[in-house]
Amino acid sequence: VGLGRLLEADGGHETHAYGLPQLIVAVGTVARVDERGRPKGYLQRTVEKSGVSTAFPAALDAGVGEVPAAVRYALPVRMVVMNHVPGAHEEFEQLRNKYAQHPGAEFVENQDRLLDPYDRMPIPDDFNNPDDVPGPRVRQQTCDVIRLLEHCQERSRYLVLIEDDFPACEGTLAALQYVIRKATAYRRHWRGVRTSFGANGIILPNLGARLSPLIEYARDQIARRPIDHILTQWMCGNSLQQPRCSPVRENFAFRWNLFEHIGFQSSLRETGVAVDVTPRCWEPYGDLLWSVDGYNELECPYDDMWPCFGKGITAIGDHLDLLEVDKFAFHNYWIRVALEGNTLDVTLQKRTVPLLFSFEAPESAAASRLSTPASRVHSFFYFFSFGSSSSSSSIGSGAFFSLIYPLILALLVGVVSL
């Protein structure tokens, strides 16, 4: 995540004009060196790469009249970088000295490191480990993530976890804001949103003690699963009291990868996914994940969040204060990514209205009278399906009408079948 860009977001403020509180970008790091003992440079690229730009909000501003003003916003951000092996990370020390005076950056040492409590367990064979039983380095990573979460707990409204070799892609900061708002409009309470693969790009609510049950669950699972599996199980509904995924989805998956893997040297195991086949920026990544947290393109081909409206989400904003629903007007849009030559174009697409049925219009003068009612029906269905972008309270009204949508649709289908 480009630190200079993050500092522009004014990390010292707790909330901003639209009431959206602060986000912490939490980065855990350990030293990695080349064959000559020199730093690999992963952490520096992750911290300093200009992967967060104003291109995304600028694109929204260009659509004044088409895109509601409530779509345009900024999010106060703070980056927390934790070195898990104090005194043995030259690259961390250099960056900490360089950004010592910046209020939007915090470089801390894991002084009270939680050590692997299962260090006497047999070491699994990385080349023959179908159950993904964690070895000592993988278990230690889980312990380190626990300490990072404890350090950041209750210090922001939301937190996004990344590793030190996953720099943010262009437009990530704006996309994270978009994703958080969308998830909040879909569900009053959610456990997490995935925006990348592995233990990266996972957005977690961080108000109050929201992280405490996750921390307790992770401690219980240290010897059973790697941290990325633990996070997946937690987001889908697992807990100390509930060993299975919840039947009601409490997690979301964003369609496009927002963090790019640059590490050629694993800090955990000898095997892993080759870097040259991992998803790049703004590419789909759901095929690398379990079905419970990977984006389902078959169910939601014209959307960017899964579950999506009509597939697990039956109403938008029905739990929101009607005075606040204008903040969610961007739900009339979704992010589309297309390859044009050698360029990836990331665009905000207006939603299309689903076609119920069609038939040939009668060739008579009376047919002309159908134009106005037909256009009204079209607008009506668009209104209560997704909300009208011309009304500041459209999403709230849309949520209200969504309650009667199935009944009206059933009646229409019944009339046609007659």
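Reference entry: report on the structure contained in this document.

Reading guide: rules and limits
- Residues numbered from 1 in each chain as written.
- Predicted model: local features only at pLDDT ≥ 70, side-chain atom pairs only at ≥ 80, totals over all residues.
- Heavy atoms only, no water.
- Helix = DSSP H or I, 4+ residues; strand = E, 2+ residues; numbered from the N terminus.
- Buried < 20%, exposed > 50% of the residue type's maximum accessible area, 1.4 Å probe, protein only.
- Contact = heavy atoms within 4.5 Å.
- Polar contact = N/O pair within 3.5 Å; in protein donor to acceptor, adjacent residues only side chain to side chain.
- Pairing = 2+ DSSP bridges.
- Right-handed = clockwise from strand over helix to strand, strands pointing away.
- Phe/Tyr/Trp six-rings, centres within 6.5 Å; stacked < 30°, edge-to-face > 60°.
- Lys NZ or Arg CZ within 6 Å of the ring centre and 35° of its normal.
- Axes fitted to C-alpha atoms, helices over the stretch in contact; angles between N-to-C directions.
- Disulfide = S-S within 2.5 Å.

Remarks on the environment of arginine 139
Mapped onto the fold, arginine 139 is located in helix α5 (residues 136-152). Relative accessible area serves as the criterion here: at 1%, arginine 139 is assigned to the buried category. Spatially, the C-alpha atoms of arginine 139 and glutamine 221 are 9.3 Å apart, while their sequence positions differ by 82 residues. Apart from the residues within four sequence positions on either side, arginine 139 is in contact with Asp116, Tyr118, Asp119, Met121, Pro134, Ile222 and Ala223. A polar contact of 2.9 Å, which involves the side chain of arginine 139, links it to the side chain of aspartate 116.

With respect to the pairing of strand β2 (residues 77-83)
Here β2 lies mainly inside the structure; seven of its seven residues are buried. In this structure, strand β1 (residues 23-29) lies alongside β2, joined through seven bridges in parallel fashion. Among the inter-strand pairings, isoleucine 24 is bridged to a residue of β2, identified as arginine 78. What joins β2 to strand β3 (residues 105-109) is helix α4 (residues 90-98), and the crossover it makes is right-handed.

Thoughts on the packing of aromatic side chains
What the rule picks out here adds up to eight aromatic pairs. Arranged with centres 5.7 Å apart and planes meeting at 65°, the rings of phenylalanine 92 and phenylalanine 107 form a pair that is edge-to-face. With phenylalanine 92 in helix α4 and phenylalanine 107 in strand β3, this pair connects stretches of sequence that are 15 residues apart. For phenylalanine 92, a relative accessible area of 0% gives the class buried. Look at tyrosine 217 and tryptophan 234: their rings are 6.3 Å apart centre to centre, the planes differ by 35°, and that puts the pair in the tilted class. Within this pair, whereas tyrosine 217 is found in helix α7 (residues 212-220), its partner tryptophan 234 is found in helix α8 (residues 227-235), the two being separated by 17 residues in sequence. Judged by its relative accessible area of 4%, tyrosine 217 falls in the buried class. Lying across the ring of tryptophan 234, arginine 191 places its NZ or CZ 3.9 Å from the centre.

Some details on the environment of aspartate 228
The topology assignment puts aspartate 228 in helix α8. Taking the C-alpha atoms as reference, aspartate 228 lies 9.6 Å from isoleucine 202; in sequence the two are 26 residues apart. Those residues within four positions of aspartate 228 in sequence are excluded, and the remaining contacts are Arg194, Gly198 and Ala199.

Notes on the sheet that holds strand β7 (residues 251-254)
Reading across the sheet, the eight strands line up as β3-β2-β1-β4-β6-β5-β7-β8 and stay open at both edges, with mixed pairing between neighbours. This sheet does not close on itself; its edge strands, each paired only once, are β3 and β8 (305-306). Here strand β4 (residues 158-163) runs beside strand β6 (residues 202-205); their pairing, made up of four bridges, is antiparallel. Note that in β6 the partner of tyrosine 158 across the bridge is proline 205. Of the strands in this sheet, β1, β2, β3, β4 and β6 touch α5, which is tilted by about 150° from β4.

Structural notes on the state of the cysteines
Inspection of every chain in the model, using the stated rule, returns three disulfides. Across a sulfur-sulfur distance of 2.1 Å, cysteine 169 and cysteine 281 are joined as a disulfide pair. Its S-S torsion of about -85° marks the bond between cysteine 169 and cysteine 281 as left-handed, since a negative value means left-handed. Here cysteine 169 is found in the loop between β4 and α6 (172-186), whereas its partner cysteine 281 is found in the loop between β7 and β8, with 112 residues between them in sequence. For cysteine 169, a relative accessible area of 0% gives the class buried.

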